[in-house]
Amino acid sequence: MKRVAELFDALYFTQSHKSKSHLLREYLATAPDPERGYVIAMLAGELNFKYFKRNTIKQLMLERVDETLFALSYDYIGEMSETVAHLWPSLPDEDFVAPLFDEVVEFVQSHNKADIDTFLVRCLNNFSPSIRWSFIKIGTGGLRVGLSARRLKQVLAEYGNCDVAEIEQLWHGISPPYLELFAWLEGRSEKPDIRDKIVFHPVMLAHPLLADDIAKIDLSQYIAEYKYDGIRIQVVNKPLGKALFSRTGDDISHSFPDVLPLLDTYGVFDAELLAFDKAGDISTFNQLQQRLNKKKPSRQLQNDIPCGLVIYDVLEHNGEDVTQKPLFERQSLLRELYAVSRERVQLSNTFSINDVEALHSQREQACLIQDGLVEGLMLKKADSPYIPGRPKGIWYKFKRDPKLVDAVVMYAQRGHGKRSSFYSDFTFGLWTDVAGETRLLPIGKAYSGFTDAELKELDKWVRKHTIGRFGPVKEVEKTLVFEVAFDGAHGSNRHKSGVALRFPRVNRIRWDKPAIEADTLSEFKRSFLS
Amino acid sequence: MLTNTNHPDTWLEPRKEGLYCVPADAYIDAMQPHTRVIVTHGHADHARGGHGTVWATSPTLDIMRIRYGDAHATKTRALEYGQRINIGIVEPVYLTFHPAGHILGSAQVLLEYRDARVVITGDYKRTPDPSCVPFTAIPCDVFITEATFALPVFKHPTLISQIDRLLTSLSRFPGRCHLIGVYALGKCQRVLLGLRAAGYTKPIYVHGAMLKLIELYTEHGFDFGSIIPVTEVTDKHTLRGHIVLAPPSALHDRWSRRLPDVLTVGASGWMQVRARAKQKGVELPLVISDHCDWEELLESIQEVNPCEVWVTHGREDALIHACQQLGYTARALRLIGYDEDSES
Ligand SMILES: [Zn+2]
Ligand SMILES: [Zn+2]
């Protein structure tokens, strides 16, 4: 455990990516299997245990510490593992032998809850705070050491002297502790074969189309499509089975049992998952929202709001990888495969755009399609292959402008992780009349959109203008206005105001604007809820 | 004994300029100029220039002279630890300083009025510090304690253990210049003495802003061995594998860019919070604090065993909660002006 804890500590505090990569490769070259494989899995966020989770640790901690003191500590530190690492009372026993990292992983994978609790307590009693931190992270996840999944794969590629694309392709077909991967990277065996497996293939992502991009790109080389306001998914359909994956690679098949039977063509496809209405037409995002985060949707719900797909790309067909073919060829393959129309499965329409003027007018028209069903245009370079990741200059999304509202800051809370020392989570509201009195009602929360300098200023402002506290939440003077950008609004029973925002973020801090001139709830409802 | 006529509520007032003692017409650690001020220690969030009469220990007055010039106050009264004087206007108010163990010259303030005894700790700690006189617990009715690190997550390790980590890093990365961010007053000298006590004999290099205060400590009898200003080093590459001390503000500015392959080291109680250390760009966080940690605070309160605990200067909620559970009457004394997140 100690070797791994030292590695995590070093990775956490090392500044440059180069040094991080160096540290990790040095570790891979010296550490044994299966430890190093589990370490990679943990860094990639792929370790998950039924009986060792954030809440397991929290409960064990609460059996040992005053609840108020725990809450205040957690609020201050902003992170569970570190809070517990320091709060846990040290109770070393003489015959304790520290387990190796992989022994910890294998123990919590293979024992029952009671045994695991006993094991965790004994380890925590004996470890030092810094080892405790790494140890707790095994269960809580979220070990952020500044190595993204992408960068981690790059380190593996450097370690094995291969192309990162090869690692990306293999990634979802192999599992911890990755013995066959290391064997291949170290030249001890052939590359693992994952062709028949029902696995996620890394997806290609788009950049936002900015003003200077518009000036730069040659529109005649791009193919346009609607950008539907649904969720991006990947359909994998092979003779051995089929599955739906989210864009991050989570298998979400169980949430959409009504979509799986719609797939009858073998291959791997990129698609947008959308709600459909009874007539078989695409419905709104608000409808789709009622299907999201439902692990097992009821029959009734599947019936009321059936889901379906708009397919727009193909990565593999009949066991053949087609990602290297240019987009226009992949699109004509799709047209062949989906020549016959199917229930709730549509092919994305493609069209060309002649000039900048048409680009803007097409976007405007697209966004007029019922109730925000289309949130803009996609532009994709016709001759480009399918490249996982977010390559530059190939795919663009040209979304409608965000909606804006001026709202008053009401409450503030410390952020978590990197921002734990700042007040960075803000609740804001709009004016409304309640029984003849003008009051603010909260409509949402924002955590993002600030520069570091703004965060500092806001933090200072909160400290100076606090008028009350509710645990970790500070109530502030109602004098500061945020211009909040958001992608959409819908009715909600969760808030007293009756509205909720999609993806709210702070566009500007209006230090200059008197709070009384912020927007009212009734204006807001008139403009954004129809 | 506290009664209706001598309870400190009736004669100590938290004002926006600082804590005010009515029958002595004096502030403790006033943030704005005032005619009569008691100063606990030389850190800038306690000692300011421009006062009339200042009562302080003589090292604290020396520090104030260095920081604010000879004319920092119209009149100064240097007191020894344990020396008791009357500063009352009509009725007697007795003032005595006792060691606080925070930095050179740091003092707790004992005020006695009509048989009520109040101790104002200023900043204090209980872990051994070779650069100052250790804290002594003074019996009193009301104990006004700081709460900079008043959460049970704060457990300060020993100075030696942290110096060890620094020396280990030096031998693991012999090509890297170890740049340590330290406050010029107190932390700097404590780290220097810690290094010498651990047997580190090489010259230690310092930022120019450190020199005057190091010199002052030397005048007070401390021996730091060979200290060399970085400005006197012509070939900065010779600083590889050496220790350089600089104020935290200089860690990432132009000044430090002249140093070769810097490994940034932090030295403060906050370094225990990973996210904070990382935010400050620190690669080796040393937890060296000049304040009490949680256990030290609770132990001190129980040792002093006052009737009431007033908590200021930090994370009051947790300490008040813990005091109440121990059976003490406790409450927050909110003073403005202290920077709740700095550590001086
Ligand atoms: Zn202070
Ligand atoms: Zn201080």
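Residues numbered from 1 in each chain as written. Chains lettered and ligands numbered in written order. Predicted model: local features only at pLDDT ≥ 70, side-chain atom pairs only at ≥ 80, totals over all residues. Heavy atoms only, no water.

Break down the domain arrangement of chain A for me, with residues and values.
Examined at the domain level, chain A breaks down into domain 1 (2-140), domain 2 (207-399) and domain 3 (403-528). Domain 1 of chain A and domain 3 of chain A are separated by 36 Å when their C-alpha centres are compared. (Domains from an automatic or database assignment.)

Go over the interface of chain A and chain B, please, and point to the residues and values.
With 30 residues of chain A at the interface, the matching set in chain B holds 27 residues. Around 2600 Å² of area is buried between chain A and chain B when both sides are counted, 52% of it from carbon and sulfur atoms. Taken as a group, F13(A), Y76(A) and H86(A) account for 27% of the area that chain A buries against chain B, more than any other trio of residues on that side. One can count 1 salt bridge joining chain A with chain B. (Contact = heavy atoms within 4.5 Å. Buried area = accessible area lost by both parts, 1.4 Å probe. Salt bridge = Lys/Arg side-chain N within 4 Å of Asp/Glu carboxyl O.)

Which residues make up the sheet that holds strand β15 (residues 243-246) of chain B, and what values do they have?
Residues and elements named next belong to chain B. Spatially, 6 strands are ordered β14-β13-β15-β12-β16-β17 in an open sheet, and the strand pairing comes out parallel. Every interior strand has two partners, whereas the edge strands, β14 (227-229) and β17 (284-286), have only one. Across the sheet, the mean angle from the axis of one strand to that of its neighbour is 30°, orientation sign disregarded. Note that strand β13 (residues 204-206) and β14 share 3 bridges and pair parallel. Pairing of I204 across the sheet is with I227, part of β14. Against the sheet, helix α2 (residues 159-172) contacts β12 (177-181), β15, β16 (262-267) and β17, and its axis sits at roughly 160° relative to β17. (Pairing = 2+ DSSP bridges. Helix = DSSP H or I, 4+ residues; strand = E, 2+ residues; numbered from the N terminus. Axes fitted to C-alpha atoms, helices over the stretch in contact; angles between N-to-C directions.)

How would you sum up the side chain of N237(A)? Please name residues and give values.
Within the fold, N237(A) resides in strand β3 (residues 231-238). Here N237(A) is in contact with K242(A), L263(A), D264(A), T265(A), Y266(A) and G267(A), once residues within four sequence places are set aside.

Just give me the short version of the layout of surface pockets, but keep the residues and values in it.
As a volume, the second largest pocket reaches approximately 1700 Å³. In terms of lining residues, the second largest pocket is bounded by 44 residues, among which E6(A), D9(A), A10(A), R165(B) and L284(B) are the most central. Going through the elements one at a time, α1 (2-13), α2 (17-30), α6 (80-87) and α9 (129-140) of chain A together with α2 and β17 of chain B are the ones with two or more residues in the lining of the second largest pocket. A per-element tally of the lining of the second largest pocket places α1(A) first, with 8 residues. Grouping the constituent residues of the lining of the second largest pocket by class yields 17 nonpolar, 13 polar and 14 charged. (1 Å grid on protein atoms, 1.4 Å probe; cavity = no way out; pocket = protein on both sides within 12 Å on 5 of 7 lines; lining within 4 Å. Points joined across faces, edges and corners; volume = space filled by probe spheres on them. Nonpolar A, V, L, I, M, F, W, Y, C, P; charged D, E, K, R; others polar.)

Could you give an account of the sheet that holds strand β2 (residues 222-228) of chain A, with specific residues and numbers?
Residue and element names in this part refer to chain A. Reading across from one edge, β1-β10-β9-β2 is the order of the 4 strands in this open sheet, with mixed pairing throughout. The sheet is open, and its two edges are formed by β1 (207-208) and β2, each paired on a single side. Where β1 lies against strand β10 (residues 395-399), 2 bridges are found, and the strand directions are parallel. Paired with P208 across the bridge in β10 is K397. Relative to strand β9 (residues 374-381), helix α17 (residues 356-368) is tilted by about 140°, and along the sheet it contacts β2, β9 and β10.

Pulling in residues and values, what's your account of the environment of R463(A)?
Mapped onto the secondary structure, R463(A) falls in helix α18 (residues 452-465). On a C-alpha basis, the gap between R463(A) and K474(A) in space is 8.9 Å, while along the polypeptide they are 11 residues apart.

Give me the pairing of strand β14 (residues 466-470) of chain A: which residues, what numbers.
Residues and elements named next belong to chain A. Pairing between β14 and strand β15 (residues 473-476): 4 bridges, direction antiparallel. For R469, the partnering residue across the bridge sits in β15 and is K474. Adjacent in sequence and paired antiparallel, β14 and β15 are bridged by 2 residues, among which G471 carries a positive phi angle near 60°.

Describe the packing of helix α3 (residues 35-43) of chain A against helix α7 (residues 101-110) of chain A, naming the residues involved and giving the relevant values.
All names here are of chain A. Interhelical geometry of α3 versus α7 gives an angle of 70° and a closest axis separation of 8 Å. With respect to each other, α3 and α7 are oriented roughly perpendicular. In this structure, α3 uses E35, Y38, V39 and M42 to contact α7, whose residues at the interface are F101, D102, V105, E106 and Q109. Among the residues making up the contact of α3 with α7, the classes are represented as 5 nonpolar, 1 polar and 3 charged. (Parallel < 35°, antiparallel > 145°, perpendicular 65-115°, else oblique.)

Requested: an account of the packing of helix α10 (residues 149-160) of chain A against helix α11 (residues 164-171) of chain A, with residues and values cited.
Residues and elements named next belong to chain A. Between α10 and α11, whose axes approach to 8 Å, the crossing angle comes to 115°. For α10 against α11, the interelement crossing comes out right-handed. Contacts from R150, K153, Q154, L156 and A157 of α10 reach α11 at V164, I167, E168 and W171. When its residues are assigned to classes, the contact of α10 with α11 shows 5 nonpolar, 1 polar and 3 charged. (Left-handed = near helix turned anticlockwise from the far one by under 90°.)

Describe the packing of aromatic side chains, naming the residues involved and giving the relevant values.
Enumeration over the complete set of coordinates arrives at 35 aromatic pairs over all chains. Each ring, one from F450(A) and one from F482(A), has its centre 5.9 Å from the other, and the planes form 55°; the classification is tilted. Here the residue F450(A) occupies a position in the loop between β13 (437-446) and α18, and F482(A) occupies one in strand β16 (residues 481-486), the gap between them amounting to 32 residues. The pair F450(A) / F482(A) is uniform in exposure class, with both members buried. Both rings, one in Y20(B) and one in Y27(B), keep their centres 4.7 Å apart while their planes meet at 45°; by these two values the pair is tilted. Across the pair, Y27(B) and Y20(B) agree in class, each one buried. The ring of W270(B) carries R276(B) above its face, with NZ or CZ at 4.5 Å from the centroid. (Phe/Tyr/Trp six-rings, centres within 6.5 Å; stacked < 30°, edge-to-face > 60°. Buried < 20%, exposed > 50% of the residue type's maximum accessible area, 1.4 Å probe, protein only. Lys NZ or Arg CZ within 6 Å of the ring centre and 35° of its normal.)

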